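A structural walkthrough
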Amino acid sequence: EDQVTQSPEALRLQEGESSSLNCSYTVSGLRGLFWYRQDPGKGPEFLFTLYSAGEEKEKERLKATLTKKESFLHITAPKPEDSATYLCAVGSGNTGKLIFGQGTTLQVKP
Amino acid sequence: DAGVTQSPTHLIKTRGQHVTLRCSPISGHKSVSWYQQVLGQGPQFIFQYYEKEERGRGNFPDRFSARQFPNYSSELNVNALLLGDSALYLCASSQSPGGNTEAFFGQGTRLTVV
């Protein structure tokens, strides 16, 4: 069964304290791995797509990497505005069905 | 360019009632998917439509149905509402239906069943 697990569930950082979020996945035939940011009460905001092991993508303070079993979202020198829930999802097969993890809620304190 | 728009933003219904949620995809996107997100969890896939045809269905009861119109907008219908149907309902649009295609989400409809 396809499955996505994110860790930790919650993470508290001081402003400027770098860290990483983990997304472990089990899927038959990975077509894409997606990272989203979600603010409270809003829809997920697309961040990155990764397609194959070894691929990396960067955007401002965020960097996403992919291996055959997991993906990491590295946050460098975070700011309070980076506080949000970060969701990881995988796509497989020929439908657009995304399988999401439960998310990591990040709080960055000034 | 307008993103994915959903209506209404909030809705309160009574158990046993019926509800219709609406979604307009990004211009040029032909695929629409629906997700249910319960507080504290990741979104769960309900349906995907592409070119007005159902392409995928998640593990939800038959009380849930959807359709896509010629202009690619979509409706999600839920009959005989239960308290457990209270959730944030998300619509996502993408250019094509495959699992390698980026999906863009609307702001969601918050449904509360009392």
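Structure's up top.
Here's a quick rundown of the structure. Residue positions are counted from 1 within each chain, in the order its sequence is given. The lettering of chains begins at A and the numbering of ligands begins at 1, in the order of writing. Local features in this predicted model are restricted to residues whose pLDDT is 70 or higher, and side-chain atom pairs enter the listing and the counts only when it is 80 or higher, whereas totals over whole chains, interfaces and linings include all residues. Excluded from the side-chain calculation are hydrogens and water; included are all heavy atoms of the structure.

1. Some thoughts on the overall build of chain B
To keep it simple, the criterion reads: Secondary structure is summarised from DSSP: a helix means a run of H or I of at least four residues, a strand means a run of E of at least two, and numbering begins at the N terminus for each. For this measure, only C-alpha atoms enter the radius of gyration; the expected value for a globule follows 2.2 Å times N^0.38, where N is the number of residues. Only protein chains enter the accessibility calculation, which uses a 1.4 Å probe; a residue whose area is less than 20% of its type maximum is buried, one above 50% is exposed, and one in between is partly exposed. When checking whether two residues touch, look at their non-hydrogen atoms; a contact exists if any pair is within 4.5 Å. Only the protein chains shown count as cover for residues, and the accessible areas themselves come from Shrake-Rupley with a 1.4 Å probe. Counting rule for charge: Lys and Arg are taken as positive, Asp and Glu as negative, and neither His nor the chain ends is counted. Charge coordinates come from a single atom per side chain, which is NZ of Lys, CZ of Arg, CG of Asp or CD of Glu.
Counting secondary structure elements, chain B contains zero helices and 11 strands. Along the chain direction, N to C, the helices and strands of chain B fall in the order β-β-β-β-β-β-β-β-β-β-β. Computed over C-alpha atoms, the radius of gyration of chain B comes to 13 Å, within 12% of the 13 Å expected from 2.2 N^0.38 for 114 residues, which places it in the range of a compact globule. For chain B, buried positions account for 52% of its 114 residues. Considering only contacts within chain B whose residues lie at least 6 apart along the sequence, 52% involve residues at least 24 apart. Accessible surface, chain B: about 5400 Å² in total, of which carbon and sulfur atoms supply 48%. Charged side chains in chain B number 10 positive and 8 negative. The centres of these two groups are separated by 8 Å.

2. A few points about the pairing of strand β3 (residues 19-24) of chain B
Residue and element names in this part refer to chain B. Spelled out, the test is: The rule for pairing is simple: two strands pair if DSSP sees at least two bridges between them.
The sheet contact formed by strand β1 (residues 5-7) and β3 spans three bridges and is antiparallel. Paired with S7 across the two strands is R22, which belongs to β3. By the bridge criterion, five bridges tie β3 to strand β8 (residues 74-78) in an arrangement that is antiparallel. Each residue of the ladder has a partner; that of R22, found in β8, is E75.

3. Observations regarding the sheet that holds β1 of chain B
All names here are of chain B. Here is the rule: What counts as an axis is a line fitted to C-alpha atoms, over the stretch in contact for a helix, and the angles between N-to-C directions run from 0 to 180 degrees.
Strand order across the open sheet formed by four strands is β1-β3-β8-β7, with antiparallel pairing between neighbours. Strand pairing shows two members of the sheet lacking a second neighbour, β1 and β7 (64-68), which therefore form its edges. Strand-to-strand twist across the sheet, computed as the mean angle between neighbouring axes with direction ignored, equals 15°.

4. Observations concerning the interface of chain A and chain B
Test applied: Buried area: the accessible surface (1.4 Å probe) lost by two parts on joining, summed over both. Salt bridge, as used here, is a side-chain nitrogen of Lys or Arg placed within 4 Å of a carboxyl oxygen of Asp or Glu. Polar contact criterion, stated in full: a pair of N or O atoms within 3.5 Å, where within protein one must be able to donate a hydrogen and the other to accept it, and residues adjacent in sequence count only if both atoms are side-chain atoms. Residues were grouped as follows: Ala, Val, Leu, Ile, Met, Phe, Trp, Tyr, Cys and Pro as nonpolar; Asp, Glu, Lys and Arg as charged; and all remaining residues, including Gly, as polar.
The partner chain B presents 22 residues to the 24 residues of chain A that form the contact. Roughly 1700 Å² is buried in total at the junction of chain A and chain B, and carbon and sulfur atoms are behind 55% of that figure. The interface formed by chain A and chain B includes zero salt bridges. Taken together, chain A and chain B are joined by seven residue pairs in polar contact (both at pLDDT 80 or more). Secondary structure elements with two or more residues in the side of chain A that touches chain B: β4 (30-38), β5 (45-50), β9 (84-92) and β10 (98-100) of chain A. With five residues, β4 of chain A is the largest single contributor of residues to the side of chain A that touches chain B. Its residues assigned to classes, the side of chain A that touches chain B comprises eight nonpolar, 13 polar and three charged.

5. Observations regarding the pattern of salt bridges
Counted by the stated rule, this structure contains nine salt bridges over all chains. The closest approach of N and O atoms between E55 of chain A and K57 of chain A, which form a salt bridge, is 3.7 Å. With a closest N to O distance of 3.5 Å, K30 of chain B and E51 of chain B form a salt bridge. Separated by 21 residues along the polypeptide, K30 of chain B in the loop between β3 and β4 (31-37) and E51 of chain B in the loop between β5 (44-50) and β6 (53-57) bring together distant segments of the chain. Residue classification places K30 of chain B among the partly exposed positions, given a relative accessible area of 29%. A relative accessible area of 29% means that E51 of chain B is categorised as partly exposed. One network of salt bridges, in which partners are shared, links R22, R67 and E75 of chain B.

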